[in-house]
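Letter by letter, the chains look like this.
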Amino acid sequence: MNDEFDPQSLVEPLGDQFTREAKLYRETAPVPDVSSDYGTVLYMPEAIALGKRAADHTVATLEARGQEVGSDHRKAIEASCMLLGRLAAGEYVGKHVIDLPTGAGKTTALVSFVKTLIAYGPPDWSVAIAAYRIEELGDLYDLLTSGDLALDKADVAIWHSAPGKRVPPTYPPDDRHRYQDHRVLLMTHVRLQKGDSAAFNMRHLKKPRNLLIHDESFRSAEADLYSYPELTGALEAICRREDLEQDEKMAIEEIKKQIDQEVESQRKGWAAKCLRFEGLNHDLVDRLQVIARRNTKMQGAEVVKFLRQSSRPTRVLKRGGSEASEHLVQTTPLVSNQLERIAILDASYGVRTLVSSAAEVREKTKSGSGIRPLHHYWKHDPSAFKRFDHITIHYAQTTQSGRNFALEDLGDGEDSVLSQELVHLVKEVIPDDQAVLVVTLKADDQKKVDPSSELKRALQKAGIEPSRLVKTSEGSEVPKVSFLTYGQETATNDYTDYEVAVFLGCLELPAPELVGQYLAESGDLTTDVTPDQIKGLQLGEIQHRLLQAMSRIRMRGVFLEEDDAGELKTQAKASTVYLALRHPKEDLEPLVQMLPGVKWEPWTLQYWGHKTTSKAEQACEQILAALVKVPLDEDHISTKALKERYPELTGWETRTFNRGAEAALKQCSWRKEARGFYRVTEDS
């Protein structure tokens, strides 16, 4: 026991009765079965006391910011902080998720717990916090080193490797061993996901930290996917090389043979099994890597990466009847199993089938600890205290909503139904004084489409300036329309004054990628995955993104409201959401359960999902009519001359005109070269 620390000091502020019970427990209960590597041992009542004091600090901090905290809300915060205390003490081990709803104070509880631990806990205890973005580390640093119970800045270190950030890393890469000198370590997910080396470098004074708090979605492993036809084609190309030694060629051929046999086996309906390839010469892989830099086919198949990892277990994924749907998957552990005490803060855990189902597989197969949610210990639904009676979701089921549809549609310029739908909403439906957050897809360099830019351009063309400031109901001034892309939907509070969210397009992962990630998280490559399970995994990830994204706007905040029985209930602030998916609303039942009291109303789409004559089709008809009128003795006419001769063609945007021309030329005896049209003759 550390002479400078008295466990009684933790429990005494909670009253005489609690103090007496804690003292009796310490005198009669067996010593906790906890490794001495973690420092001072706390008994259960003392760990609970640490959590209770952190909960008091959390509530006081929220109320000081003007946030109202109801009794049920307070109980949820207390349960969360007590879980952190008991996990840090080693009473609980493994991965545990605190799934309070968004805006309920999870980050505040995190900061309060760390402050309380450093101020009142054992002086040889330490903690690490992992966040997704470097900017979040800066925010956490500011919160931890300011306000009540502010930490000494020398106690906190920041570990990342990106230059030029607001908060730089505490040490250069070569001095990463010095992070162990600090009781509180802030690190990015990328740093954490370096396996055992990360676990080693994040220790405190050569001992494991008492607790790792992981902010937002947790990934314990990742999947590497390889297309079966592309990979085996690249392997065949390698075997044809003359500079291969005979034993090297035989090793490559043996790998391909085993893959082909497993694919054939699964086509016959036999159960999947793990493949393991041994005996590959690493010098050969190094040589192939040099060759691959000049070989496009080898780059596309990522064959060198596969061969370098060939000793890892490999599984064939079989879907459908074509080779194009067959993939090979290998998994890479990300977070070390040496980290025994992990708390995960994730508001959308309740809809994430991928994570919860994979955790169940881990528990059943003993392939590592699964993830246990808060209600496993606290027999209440942690999300039930926050109601959404003032939230309206306008929902429409449409024929298409995925990534490919959205990118293709937004690449159509004036013809984009998504652009037209947004213009209609902003101009005709949404009140002029309400700020709008549009959630859409990231830019696609290959298709040369930036959805945010296209939507912004459409608004401006309709006379709507997205950057125009509007005064919100919270009193702040923000741009009328802002854009958020998938991948940015967590851990940002930049849009909490926006009253409206509009979803245009939905990110749905390809089935092989989804299944690969599920297998990686489950820790068992041979786990069977049925079509119904794949659908469930897809819907779970969709709902996870939707919940996180819509929680960026005003509904993230809370207030207290008296219900019909006279009890004060925690309510989400009034907000409106417009959402259209190809899935029926019945498929979103988990999301419905996560939003008690929300009003679901139909969204009557004006353009999206309707079959209309597009502008490109209209341009096509006009170009056809114009080319027919060109005199037969003219075998060439420039685009400029065609538009001057037929003024109805001048009103089209360049992209719309070109798409119309492309369609028209398929229906007539003209071709287009450079800036003009050429009549197709027998001689040409």
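Since this is a predicted model, take the numbers as computed values, not measurements.

> Is there a simple way to explain the overall build of the chain in this structure?
When its secondary structure is counted, the chain shows 23 helices and 24 strands. Projected onto the principal axes, the alpha-carbon positions of the chain cover approximately 110 × 75 × 50 Å. Evaluated residue by residue, the chain yields a buried proportion of 53% over its 684 residues. Partitioning the intrachain contacts of the chain with sequence separation of at least 6 by distance along the chain shows that 75% fall at a separation of at least 24. Accessible surface, the chain: about 31700 Å² in total, of which carbon and sulfur atoms supply 47%. Taking the 88 positively charged and 105 negatively charged side chains of the chain as two groups, their mean positions are separated by 2 Å.

> Help me understand the side chain of Thr-188 in this model?
Secondary-structure assignment places Thr-188 in strand E4 (residues 184-188). Every residue in contact with Thr-188, bar those within four places of it in the chain, is listed here: Ala-131, Ile-134, Leu-137, Trp-159 and His-160.

> When you look at helix H18 (residues 511-522) in this model, what are you seeing that I'm missing?
Think of an α-helix as 3.6 residues a turn; residues three or four steps apart then line up on the same face. In this model H18 runs 16 Å from its N-terminal to its C-terminal C-alpha over 12 residues, within 8% of the 16 Å that 1.5 Å per residue would give. Here H18 lies mainly inside the structure; 11 of its 12 residues are buried. Within H18, burial applies to Ala-511, Pro-512, Leu-514, Val-515, Gly-516, Gln-517, Tyr-518, Leu-519, Ala-520, Glu-521 and Ser-522. Gly-523 sits one or two residues past H18 and shows a positive phi near 75°.

> Got a minute to help me understand the sheet that holds strand E11 (residues 386-387) in this structure?
Backbone hydrogen bonds are what pair the strands of a sheet, in a parallel or an antiparallel way. Strand order in the open sheet formed by 3 strands is E11-E19-E18, with mixed pairing between adjacent strands. Unpaired on one side and paired on the other, E11 and strand E18 (558-562) mark the two borders of the sheet. Here E11 pairs with strand E19 (residues 568-572) via 2 bridges, running parallel. Considered in E19, the bridge of Arg-387 is made with Gln-571.

> Honestly, the sheet that holds strand E1 (residues 94-98) in this entry has me stumped. Any pointers?
Pairing is parallel in the open sheet, where 7 strands are placed in the order E3-E4-E2-E5-E9-E1-E10. Edge strands, defined here as strands with exactly one partner in the open sheet, are strand E3 (156-159) and strand E10 (371-373). Mean inter-strand twist for the sheet, computed between neighbouring axes without regard to direction, equals 20°. Note that strand E2 (residues 127-131) and E4 share 5 bridges and pair parallel. In the sheet register, Ala-131 faces E4, and the bridge partner there is Thr-188. Docked against the sheet, helix H4 (residues 71-88) engages E1, strand E5 (211-215) and strand E9 (341-345), running at close to 165° with respect to E1.

> What am I meant to see in the pattern of salt bridges here?
Counting across every chain of the model gives 32 salt bridges. Where Glu-135 meets Lys-165, a salt bridge forms, and the shortest distance between an N and an O atom there is 3.6 Å. With a gap of 30 residues between them, Glu-135 in helix H6 (residues 134-144) and Lys-165 in the loop between E3 and E4 connect regions that are remote in the sequence. Taking relative accessible area as the criterion, Glu-135 reaches 40% and is therefore assigned partly exposed. Look at Lys-165 and you get partly exposed, because its relative accessible area is 34%. Here Glu-222 makes a salt bridge to Arg-219, at a shortest N to O gap of 3.8 Å. Residue class for Glu-222 comes out partly exposed when judged on its relative accessible area of 28%. Judged by relative accessible area, which is 34%, Arg-219 ranks as partly exposed. Three or more residues are tied together by salt bridges with common partners; here these are Glu-264, Arg-267, Lys-318 and Glu-326.

What counts and what doesn't
- Residues numbered from 1 in each chain as written.
- Predicted model: local features only at pLDDT ≥ 70, side-chain atom pairs only at ≥ 80, totals over all residues.
- Heavy atoms only, no water.
- Helix = DSSP H or I, 4+ residues; strand = E, 2+ residues; numbered from the N terminus.
- Buried < 20%, exposed > 50% of the residue type's maximum accessible area, 1.4 Å probe, protein only.
- Contact = heavy atoms within 4.5 Å.
- Areas by Shrake-Rupley, 256 points an atom, 1.4 Å probe, with all protein chains shown as cover.
- Lys, Arg positive; Asp, Glu negative; His and termini not counted.
- Charge placed at Lys NZ, Arg CZ, Asp CG, Glu CD.
- Expected span 1.5 Å × (residues − 1).
- Pairing = 2+ DSSP bridges.
- Axes fitted to C-alpha atoms, helices over the stretch in contact; angles between N-to-C directions.
- Salt bridge = Lys/Arg side-chain N within 4 Å of Asp/Glu carboxyl O.

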